[in-house]
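# Summary of the model geometry
Now for the letters of each chain:
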Amino acid sequence: MKEEIRVLIEADKVEERVKQLAEQINREYEGKKLHLICILKGSVFFTCELAKYIKVPVTMDFITVSSYGDGLTSSGCITVKQDLTMDIKGREVLIIEDIVDSGRTLSYLSHMLKKRNPASLNICTLLDKPECRVSDVTVAYTGFEIEDLFVVGFGLDYAQKYRNLPYIGVLKIKED
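For clarity, every value in this text was computed on a predicted model and none was experimentally measured. Starting afresh in each chain, residues are numbered from 1 along the sequence in its written order. Side-chain atom pairs in this predicted model are given and counted only at pLDDT of 80 or more, local residue features only at pLDDT of at least 70, and totals for whole chains, interfaces and linings cover all residues. To get the side-chain values, all heavy atoms of the structure are used, and hydrogens and water are removed first.

### Notes on unusual backbone geometry
The omega torsion across Leu-40 and Lys-41 is 5°, close enough to zero to call that bond cis. Here a helix means four or more residues in a row that DSSP labels H or I, a strand means two or more in a row labelled E, and each is numbered from the N terminus. Turning to its location among the elements, Lys-41 is positioned in the loop between strand E2 (34-40) and helix H2 (44-53). Even without a glycine there, the phi angle at Ala-159 is positive, about 50°. With respect to the secondary-structure elements, Ala-159 resides in the loop between strand E8 (151-152) and strand E9 (168-174). Looking at Ala-159, the relative accessible area reads 29%, which means it is partly exposed. Per-residue accessibility, obtained with a 1.4 Å probe over protein chains only, is compared with the maximum for each type, and a residue is labelled buried under 20%, exposed over 50%, and partly exposed between these values.

In structure tokens form, the structure reads like this:
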């Protein structure tokens, strides 16, 4: 099998959109402290890039949630592999996600984290596939809406490969 990647969103467009999202977050959280929750592993590139441009005071924590494994589609089974290390009670919390498709993972995670009584809980995603939504989830900040394509790059992977690409690409797997 041969893997091919077609560029969907150029690196400079990703960078510009990340800066725009940070400007919006800066306005909406002005005068507040913001706690970012990075969903590992895919969101680490997006979280770090976004955090560089956020001007309000930021703290950061990480959570590992999985529903894909090494496949091209979500298994639908959500597991928390690594929980937060910091208490979020009373904090302004922003979950940072690389991509929202079915919404199952973020719906599960949002319900779990709301029980920990943050002052607010919002979601920021680099990519959104609204046509794939099967669970109700509200995304406050969206980088790009895309079609139902399997994408890699800027943290998104296929079997742990391609995260380091500076752009968003569509992965095609062809039989030899």
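So, next bit.
### Focus on the sheet that holds E9
Paired strands are those between which DSSP finds at least two bridges. Judged by pairing direction, the sheet is antiparallel, and its three strands sit side by side in the order E1-E9-E8 without closing on themselves. Both edges of this open sheet fall to strand E1 (2-9) and E8, since each of them pairs with a single strand only. Of the pairings in the sheet, the one linking E1 to E9 comprises seven bridges and is antiparallel in character. Note on E9: the bridge partner recorded for Ile-9 is Ile-168.

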